[in-house]
Amino acid sequence: MKRIMTVLLVIMLAVLGLAVYSYLNKDSQASAATTPEPTAEVTAQPTAAATAEPTATPDFTSGDSLLILANKSHKLPDGYVPSDLTWSVDCGTGACYMREPAAEALQEMFSAAAADGVNLTLLSAYRSEDYQATLYNGYVSSYGTERADKISSRPGYSDHQTGLAADIGSSTDSSADLNGPLFAATAEGQWLYEHAHEYGFIERYPDGKEEYTGYNFESWHYRYVGVETATAIYNVDPEETFEEYFNVSGGTTYTE
Ligand SMILES: [Zn+2]
């Protein structure tokens, strides 16, 4: 009898021990399942912060920046020549080069316009500091300094010297070329106004924005800034200027 009691006690202890073991084991499995979650959350945060940084600090001065700025308050570095100039599309003169990303985007834009039955033509793209000096001095001798400064840039201040600007005309109605209101009214001018941002270009000198840009209305002058920035600017307003969007100085008076 005593022996039977001892065997029963051992069995009961064994069952109890098993129950306790499995209970503890279950608990540790459950806590193991919950621990990976916070780790994943912590590692995700720094990546998001790192990718947000470049857009927070736009670069208006470096030679390789797509946001390099030229206006009457921002002179380009002395003797600046972009390092990645490449042939864009034929413009009938020697000024058909642009920086590589802009040249590729311009080709793509011209093809897309042609597919819509709109015939764009390139009039002028990259202009060297020397070429700009010749152009500007020509305007000064024809019209005087005051008028020349409204329609042309002094050398070192031209958007064309960045290699990111293009003067675009109509290949079917060239009589409107380089005329603000007239070119804006052509099918080519309207197509550019609506679609240029899709290829990374903004209208650089919109109507009535001289106080910001420093120049009269140039419906034909488009500037490459990249698709993301061009779309963001366009979405504020198709006639939002670079100067307004980035809150940088411009204006009609040369600062140097
Ligand atoms: Zn121009």
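Computed from a predicted structure; not experimentally measured.

Helix and strand counts for the protein chain come out as ten helices and six strands. Each of the 256 residues in the protein chain was classed as buried or not, and the buried ones make up 34%. Within the protein chain, contacts between residues at least 6 apart in sequence are counted, and of these 65% link residues at least 24 apart.

Core analysis: the biggest nonpolar cluster contains 38 residues, and M98, A125, F201 and I202 have the highest contact counts within it. With seven residues, the top contributor of residues to this core is helix α3 (residues 100–115). Counting five residues, the second-largest nonpolar core is a separate cluster that includes I68, L69, A70 and L76.

This part takes up the sheet that holds strand β4 (residues 165–170). Strand order across the open sheet formed by four strands is β3-β4-β6-β5, with antiparallel pairing between neighbours. Each having just a single partner strand, β3 (120–124) and β5 (201–205) make up the two edges of the open sheet. Ignoring strand direction, the axes of neighbouring strands in this sheet form an average angle of 45 degrees. When β5 meets strand β6 (residues 218–224), the two strands line up antiparallel, connected through four bridges. Note on β6: the bridge partner recorded for I202 is R223. Packed on one face of the sheet, α3 meets β3, β4, β5 and β6 and runs near 130 degrees to β6.

A few words on the environment of L67. Locating L67 in the fold gives a position in the loop between α2 (36–56) and β1 (85–87). In this structure L67 comes out as partly exposed when scored by C-beta crowding, with 17 C-beta atoms within 10 Å. Non-local contacts of L67, meaning those with residues more than four positions away in its chain, are made with P58, D59, F60 and V225.

Next up on the list: α3. Since the α-helix advances by 3.6 residues per turn, residues separated by three or four positions end up pointing in the same direction. Over its 16 residues, α3 runs 23 Å from end to end, which matches the ideal 22 Å to within 8%, given 1.5 Å per residue. Every buried residue belonging to α3 is among A102, A103, A105, L106, M109, F110 and A113, and all of these are buried. The buried residues of α3 occupy an angular sector of 165 degrees when projected down its axis, which confines them to one face. Within α3, the exposed residues directed more than 90 degrees away from the buried face are S111 and A115. Two residues or fewer past α3, G117 is found with a positive phi of approximately 80 degrees.

With that out of the way, let us pick up the confidence of the model for the protein chain. In this model, the protein chain carries a mean pLDDT of 84, and residues with pLDDT of at least 70 account for 78%. Predicted confidence for residues 15–54 stays below pLDDT 50, and this span has zero contacts to residues more than four positions away or in other chains.

Conventions and cut-offs
- Residues numbered from 1 in each chain as written.
- Predicted model: local features only at pLDDT ≥ 70, side-chain atom pairs only at ≥ 80, totals over all residues.
- Helix = DSSP H or I, 4+ residues; strand = E, 2+ residues; numbered from the N terminus.
- Buried ≥ 20, exposed ≤ 12 C-beta atoms within 10 Å, placed from the backbone.
- Contact = placed C-beta atoms within 7 Å.
- Core = buried A, V, L, I, M, F, W, Y, C linked by C-beta atoms within 7 Å.
- Pairing = 2+ DSSP bridges.
- Axes fitted to C-alpha atoms, helices over the stretch in contact; angles between N-to-C directions.
- Expected span 1.5 Å × (residues − 1).
- Arc of directions from axis to C-beta.
- pLDDT = per-residue confidence, 0-100.

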